[in-house]
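Residue strings, one per chain:
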Amino acid sequence: MESIQQNLLQRLADGRFHSGQELGEQMGLTRAAVWKYIRELRGLGLAVQSVRGRGYRVAGGLSLLDESAIHQALPENSRQRIGCVEVFTSLPSTSSYLKDKPVRPGQVAVCLAETQTQGRGRRGRHWVSPFAANIYASIKLQLSLEQNIYGSLSLLIGVAICRLLKEVGIQDASVKWPNDVFVNNAKLAGVLIEFNGEANGPVNAVIGMGLNVRMPPSAGEQIDQDWIDLDSLIPGVARHRNRVCARLVDTVLSVLEQSEQGGVAEILTEWRELDMLFDREVVLQLPNRQISGRAAGINAQGHLLIEQSEGQLVAFASGEVSVRVAS
Ligand code: BTN
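Residues numbered from 1 in each chain as written. Predicted model: local features only at pLDDT ≥ 70, side-chain atom pairs only at ≥ 80, totals over all residues. Heavy atoms only, no water.

Trainee: I'd like a rundown of the packing of helix α1 (residues 3-12) against helix α2 (residues 20-27), residues and numbers included.
Mentor: Running from amino to carboxyl end, α1 crosses α2 at an angle of 130°, the nearest separation of the two axes being 11 Å. Comparing their axes, α2 and α1 come out oblique. Helix-helix and strand crossings are classified by hand; for α1 and α2 the assignment is right-handed. Seen from α1, the contacting residues are Ile4, Asn7, Leu8 and Arg11; seen from α2, they are Leu23, Gln26 and Met27. Among the residues making up the contact of α1 with α2, the classes are represented as four nonpolar, two polar and one charged. (Axes fitted to C-alpha atoms, helices over the stretch in contact; angles between N-to-C directions. Helix = DSSP H or I, 4+ residues; strand = E, 2+ residues; numbered from the N terminus. Parallel < 35°, antiparallel > 145°, perpendicular 65-115°, else oblique. Left-handed = near helix turned anticlockwise from the far one by under 90°. Contact = heavy atoms within 4.5 Å. Nonpolar A, V, L, I, M, F, W, Y, C, P; charged D, E, K, R; others polar.)

Quick look at the structure:
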């Protein structure tokens, strides 16, 4: 994180006016240099107002991500596993950043960014990542799960996110196979899982999570499906983004620990209770065809079961499949 930019952001986070002269004196910069950094922040998508005679402000203030606040909000056992929590003002993608970062066995790397310029969703889609608004988090670690479980990892993480939501008071979150978390029929969070590693060797997983916290309406307009954010469900929660990040990371680590200790079946049972597609007519989009049928839950590998008109069940692995409720 560039320290001057970070310093300026922290001063503007209180939502008050700061004159160029005051900022310049406090930061050891000329007024022209302050202006240059303000322009850079605007370039990241931050709405910095400038009013003649009063200075600059970010209306409504900002709750910025803070490495040490997140680290301190983690319970001791998670803190020990996580080498460091890296927070960036801007990255192309937190998951791309972690992709080439080596992790030792047992160690966890966590990366967060205030904004992503090339945020990635499933199936090559763009993940809209407005500045200092939501949570864009990636976790990298070595996993040792049974081989046929890796395909259901996004389902396990969906359960972790729903556990976190319950903890903060949202009881009615549901999961949409394979990687979405919904509330009130609108998407609140998405999960992107990427693996690398050698055959028969340890598997490195990068778990990318996007959780809408306080989506600015202008950014929301770029999203091509119904969405919802945490702050509209729990007003004021956006002020506690650091704590939500810490709880998210900790809940994911505890679900992974439970999975590695033989608890996958139990977590998939929990998933089934949250399944928003169950018993609904759905349309599956495969790379080269569409399939319609009734969603009938998942099998032990986390594959989606579809009952077709003849009554037979067909299982689909997530891969390049997307699913929607039939209209
Ligand atoms: C989806 O629903 O399609 C998955 C979205 C995953 C988005 C997150 S944001 C943090 C991480 N970095 C990325 O580029 N993508 C994931």
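Trainee: Tell me about the sheet that holds strand β10 (residues 281-285), and name the residues and values.
Mentor: Across the sheet, five strands lie side by side as β13-β12-β11-β10-β14; this open sheet has antiparallel pairing. Both edges of this open sheet fall to β13 (313-316) and β14 (322-325), since each of them pairs with a single strand only. For this sheet the average axis-to-axis angle between neighbouring strands, irrespective of direction, equals 45°. In this sheet, β14 lies alongside β10 in antiparallel orientation, the contact comprising four bridges. Within the sheet, the bridge partner assigned to Gln285 lies in β14 and is Ser322. (Pairing = 2+ DSSP bridges.)

Trainee: Break down the side chain of Ser322 for me, citing the residues and quoting the values.
Mentor: By secondary structure assignment, the location of Ser322 is in strand β14. Side chain to side chain, Ser322 and Arg123 meet in a polar contact 3.3 Å long. Those residues in contact with Ser322 that sit more than four places away from it in its chain are Arg123, Val283, Leu284 and Gln285. (Polar contact = N/O pair within 3.5 Å; in protein donor to acceptor, adjacent residues only side chain to side chain.)

Trainee: Describe the packing of aromatic side chains, with residues and values.
Mentor: Summed over the entire model, instances satisfying the criterion amount to three aromatic pairs. An angle of 10° between the planes, with centres 6.4 Å apart, marks the rings of Trp35 and Tyr56 as stacked. Here the residue Trp35 occupies a position in helix α3 (residues 31-43), and Tyr56 occupies one in strand β2 (residues 55-57), the gap between them amounting to 21 residues. Look at Tyr56 and you get buried, because its relative accessible area is 12%. (Phe/Tyr/Trp six-rings, centres within 6.5 Å; stacked < 30°, edge-to-face > 60°. Buried < 20%, exposed > 50% of the residue type's maximum accessible area, 1.4 Å probe, protein only.)

Trainee: Can you tell me about the site of the ligand, naming the residues and giving the values?
Mentor: Near the ligand you find 21 residues, and of these Ser93, Gln116, Arg120, Arg122 and Lys187 are the closest. For the ligand, a nitrogen atom lies 2.7 Å from a polar atom in the backbone of Arg120. At a separation of 2.7 Å, an oxygen atom of the ligand approaches a polar backbone atom of Arg122. Look at the ligand: alone it shows 420 Å² of surface, and the protein chains cover 97% of it. Only α6 (94-99), β5 (135-143), β8 (186-197) and β9 (203-211) provide two or more residues apiece to the shell around the ligand. (Near = heavy atom within 4 Å. Areas by Shrake-Rupley, 256 points an atom, 1.4 Å probe, with all protein chains shown as cover.)

Trainee: Give a detailed account of the sheet that holds β9, specifying residues and quantitative values.
Mentor: Ordered by their spatial adjacency, seven strands build an open sheet running β3-β4-β5-β9-β8-β7-β6, and the pairing between neighbours is mixed. Of all the strands in the sheet, just β3 (82-91) and β6 (174-176) have a single pairing partner and so form its edges. The sheet shows a mean angle of 20° between the axes of neighbouring strands, direction not considered. In the sheet, β6 pairs with strand β7 (residues 180-183) via three bridges, with the strands oriented antiparallel. Within β7, the position partnered with Lys176 by the bridge is Asp180. Contacts between helix α10 (residues 241-274) and the sheet are confined to β3, β4 (108-116), β5, β6 and β9, with β5 contributing the most and set at about 50° to the helix.

Interpretation in functional terms is not warranted from these geometric data alone.
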